[in-house]
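# Structure assessment
Listed below are the residues making up each chain.
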Amino acid sequence: PYAQAVPNTPAIDRSVCMHFKTGGCQVCSEICQMDAIDHAMQDEIVEVEVGAMILSPGFKPFDPSKFTHYQYAQHPNVMTAMEFERLLSASGPTEGHLVRLSDHREPKKIAWFQCVGSRDINQCDHKYCSSVCCMYALKEAVIAKEHAGSELDCAIFYMDMRTHGKDFEHSLNSAVKQGIRLVRSRIHTVEPIPDSDELNIRYVTESGDMINETFDIIVLSVGLEITPKVMELADMIGIRLTEGNFAKTSSFAPVETSRKGFFVCGAFQGPKDIPQSVVDSSAAAGEAGALLSDARNTLTQKPEPVPQIDIKGDRPRIGVFICKCGSNINGVINVPDVSAYAASLPYVEYACDNLYTCSQDTQDSMTQIIKANNLNRIVVAACTPKTHEPLFQETLMNAGLNKYLFEMTNIRNHASWVHKESPEMATQKAKDLVRMSVAKVALMEPLKEGELTINPAAMVVGGGLSGMAAAKNLADQGYMVHVVERAPKLGGQANNLYQTYKGEDIAQEVASLIRTISEHKNIQVHLNTTLEHVEGFVGSFKSDLMCDSKTSTIEHGVAVIATGALPLEPVEYAYGQDSRIITSLELDAKLMNSDPVLNTLNTAVFIQCVGSREPERPYCSRVCCTHSIGNALDLKKIRPDMDIFVLYRDIRTYGEREYLYQEAREKGIIFIRYSVDNKPEVLVKDDQVVVQVTDHILNRPIEIRTDLVTLATAIVPNKDERLANFFKVPLNEDGFFVERHAKLGPSEFATDGVFLCGLAHYPKPIDEAIAHGQAAASRAVTLIARKQIHTSGNVAYVNPSICSSCGVCISICPYSAPSFEEDGRNRGKASINSVLCKGCGLCMASCRSGAIHLNGFDFNQLFAQITAIREEV
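Along each chain, the written sequence defines residue order, and numbers are assigned to residues from 1. With pLDDT at 70 or above as the cut-off, local features in this predicted model cover only qualifying residues; side-chain atom pairs require 80 or more to be listed or tallied, and sums for whole chains, interfaces and linings still use all residues. Based on all heavy atoms of the structure, the side-chain values leave hydrogens and waters out of the count.

## A few points about the pairing of strand β8 (residues 199-204)
Judged from the 3 bridges that link them, strand β7 (residues 190-192) and β8 form a sheet pairing that is antiparallel. Each bridged residue has a counterpart across the sheet, and for V190 the counterpart in β8 is I201. Being paired, for any two strands, means DSSP has found at least two bridges between them. Helix numbers and strand numbers start at the N terminus; a helix is a DSSP run of H or I with at least 4 residues, a strand a run of E with at least 2. Here β7 hands over to β8 after 6 residues, with D195 in that stretch at a positive phi of 55°. The sheet contact formed by β8 and strand β9 (residues 210-215) spans 6 bridges and is antiparallel. When the bridges of β9 are listed, R202 appears paired with N212. Hairpin connection between β8 and β9: a loop of 5 residues separates the two successive antiparallel strands, and G208 in this loop has a positive phi of roughly 95°.

In structure tokens form, the structure reads like this:
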């Protein structure tokens, strides 16, 4: 279908193929040299016996063709966000060059319309929020400016800006600083300007002014929907669907469908972004693994390893593969010129350029080229090795080479991106980088990886919902688990919550989960216990626990960090001055205890974003909008005639939580928006609580005399630097733990053997916290189920004969890898634990005697690169 498609296999579209339409034409099969095309192939039914099924059929972007007032399908310059995404892509129809499709001129102004096919009950009956549209519109606007320059005018027309994920609010603030206009207005009609390719829109500003504005391109931020075929699949299987036709799950079993043995993940479970989809997929795999744990490895097939070629003593024969990456690199760098230059370098036996070096067909081609040309060292000049190096190392292994006979140079980030205004200089720099890599790889030698035995036990730090979910999944899969909780009771913050947005009784569900954890034969719970010390490495940790002034040590192969977070204690809105001014959790307590004071309320006010989205805490706490609206509806059930006001900045009831927002409006709950520059005031005067706020509709201040003020306070991290230091894991600027990869590794750390879940990662509701715990367990099982693992070959080592025993390496290493030998012939000399070493090079750089070397980055290799950079092309 397109370059880098998955699977990357050509297919015949029978709806347009002349052979299937007329019975004639077979030109494709006649010209195919591999005889790969067979027009006579028929569909076949294959039966497979399985013990569990995971449903991840995905979604379909909403088709806005029915919205004729937007001119989609009538005007080439009105497109969907998915189509605009392809326009920005280096593999897209214009190779990443941003132009109007009508005349291929570069646009000056682009508008995004939000909520097209979402939050709409008038034209498409999709009441839910699609969750992802605000963020992808912001991303596309920022990238559009990068493509077209800062002069490009980008405007996003929206109702509520829903940037509720981790670091999403930072992205929103950054986009505004880059000049992205945010216009809170719902656009009704797009009018093409006669004899022009421009498009006119009229809208009303928040101040009530009518504005006419023209744009070159209009992008419709379309929502996510489930296809009729998927609904048929669900009906055939017999699983229940929600009002929005997503798979129905409970908050405490977020990836289990209504039919046992059938699990769900991705957008079929509900609209969600990439990180949450990855979390849910791991959770579904983990729950399926728990169900099938007794059958583990009974049907496992292992591929035959490719014998490694011995290159010892062989002259370097280097292959250089340079990636065009569509226009991403080739749009700036003259890649064929760089390829020709690489062929002239010493020891280079083969050089070529490829459209996409990381694509599967190019990988297969590289394997054949390495074998055919007897290449024994490889250089790939492409994008970042951070994400792609393991892919190319796997290609070397498939060709029979040691994976460390490889060097990757980043000519995208380091050349085409940073020098896009100077193509000649970018090309020159790419040549320099390739020359340096060739000089280094010529000195590369095969490296060996150490083998480690994994202790098949786990420690979960934190006994809240996410930690318990992780512990239960690990235990159900047959592994011993230690749950370490510093409180006298399991459950964490969930003990303070009333009910979920779906109406589930939290106390009842938490009690059931605690009972399961406490009675599980594979789980040992340590209450009133703190973690005092950790030593060891992946597969072999030793942790000291303190309980009642007594210390005990447990051994485990992996650790899961689920330490949760805390509610902010507010210092504004007169909190603490009157018992009628409370927090959301305090209102939950009143609801759980059926406090009779709730029956006497005539007016209640909820104030959102108390401590969130502020300069000192610039993130969204994610759960507050849904929580407050749910509590407001509960108050309405108690007293239907109660006047309830919700003061908000943006309502962020993402996904099917939007139904609550709609119900609240139908029940007469009044929503008043405020800005961070003009926040509400809460006063206690004459024994009355008064809330003063500027009404955004009336554009004038109003005063609400109320019987109750509920503050939706921020969720704040524990900022446990001590724990972070124990496991050598980082905290971000907000104080939450930093995952390995924001999108692809949200449940694990860069530190091997340590995993992450729950509010320690970022604020999230119960269903997402439990899924995250299950996902962390699933990722941990991929490690401990292997029983043995290999360490990296890029580690440091010490030449003890010249070590001066100064101890600088020991003091500077962030991973505690170096230590002094305590006995033997090298007693008192430094040595490095290759398992703990991450190959950062700090010890090598700081060693005063030059005794420390780093495999793959030794002195001769680094000096070869320095010498190469001085050479003239």
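## Some details on a nonpolar patch on the surface
Exposure above 30% relative accessible area and no salt bridge define the residues that can form patches, which grow by joining like charges within 9 Å and nonpolar side chains of Val, Leu, Ile, Met, Phe, Trp and Tyr within 5 Å. Surface accessibility follows the Shrake-Rupley procedure with a 1.4 Å probe radius. Residue values consider only the protein chains on display as shielding. Within this document, salt bridges are pairs made up of a side-chain nitrogen of Lys or Arg and a carboxyl oxygen of Asp or Glu, the two lying within 4 Å of each other. A contiguous nonpolar surface patch, about 390 Å² in accessible area, is contributed by V46, V48, V50 and M53. Examined against the element boundaries, V48 turns out to sit in the loop between α2 (27-31) and β1 (53-55). Three exposure classes are used, based on accessible area relative to the maximum for each residue type with a 1.4 Å probe and protein chains only: buried under 20%, partly exposed in between, and exposed over 50%. On the basis of relative accessibility, which here comes to 64%, the residue V48 falls in the exposed class.

## Quick look at the state of the cysteines
Any two cysteine sulfur atoms within 2.5 Å of one another count as a disulfide. Per the stated rule, a full pass over the model turns up 0 disulfides. Cysteine C323 is unpaired, with the sulfur of C325 as its nearest cysteine sulfur at 4.9 Å. C323 gets classed as buried once you look at its relative accessible area, which sits at 5%.

## Points about the nonpolar core
Only buried residues count toward a nonpolar core. Its members are Ala, Val, Leu, Ile, Met, Phe, Trp, Tyr and Cys residues joined through side-chain atoms within 4.5 Å. Counting 57 residues, the largest nonpolar core has L465, L474, V481, V560, I832 and I852 as its most contacted members. Non-local contacts of I852, meaning those with residues more than four positions away in its chain, are made with A796, Y797, V798, C809, I832, C843, M844, C847 and F859. In this structure, Y72, V78, L98 and A111 belong to the second largest nonpolar core, which totals 52 residues. By definition in these notes, contact holds between two residues if any of their heavy atoms fall within 4.5 Å.

## Some words on the pairing of strand β15 (residues 377-382)
Judged by how many residues are buried, β15 sits mostly within the fold: 6 of 6 residues are covered. Covered by surrounding structure in β15 are R377, V379 and A381 together with I378, V380 and A382, the residues of both alternating faces. Here 5 bridges tie β15 to strand β16 (residues 406-410), and the two strands are oriented parallel to one another. Of the residues in β16, the one forming a bridge with A382 is N410.

## What about the packing of aromatic side chains?
Ring geometry is summarised as follows: Phe, Tyr and Trp rings, the Trp one being its six-membered ring, pair when their centres sit within 6.5 Å, and such pairs are stacked at plane angles under 30 degrees, edge-to-face over 60 and tilted between the two. Counted according to the given criterion, the structure contains 17 aromatic pairs. Aromatic side chains F321 and Y350 sit 5.7 Å apart centroid to centroid with 40° between the ring planes, which places their arrangement in the tilted category. Taken as a pair, F321 in strand β13 (residues 318-323) and Y350 in strand β14 (residues 348-354) lie far apart in primary sequence, 29 residues in all. Take F321: its relative accessible area is 0%, and that puts it in the buried class. Taken together, the ring pairs in this structure connect F62, F67, Y70, F113, F157, Y203 and F215 into an aromatic cluster. Over a ring means this: the NZ of a Lys or the CZ of an Arg is within 6 Å of the ring centre and within 35 degrees of the ring normal. The ring centre of F215 lies 4.8 Å from the NZ or CZ of K109, which sits over that ring. Between R665 and the ring centre of Y661, over which it is positioned, the NZ or CZ distance is 4.3 Å.

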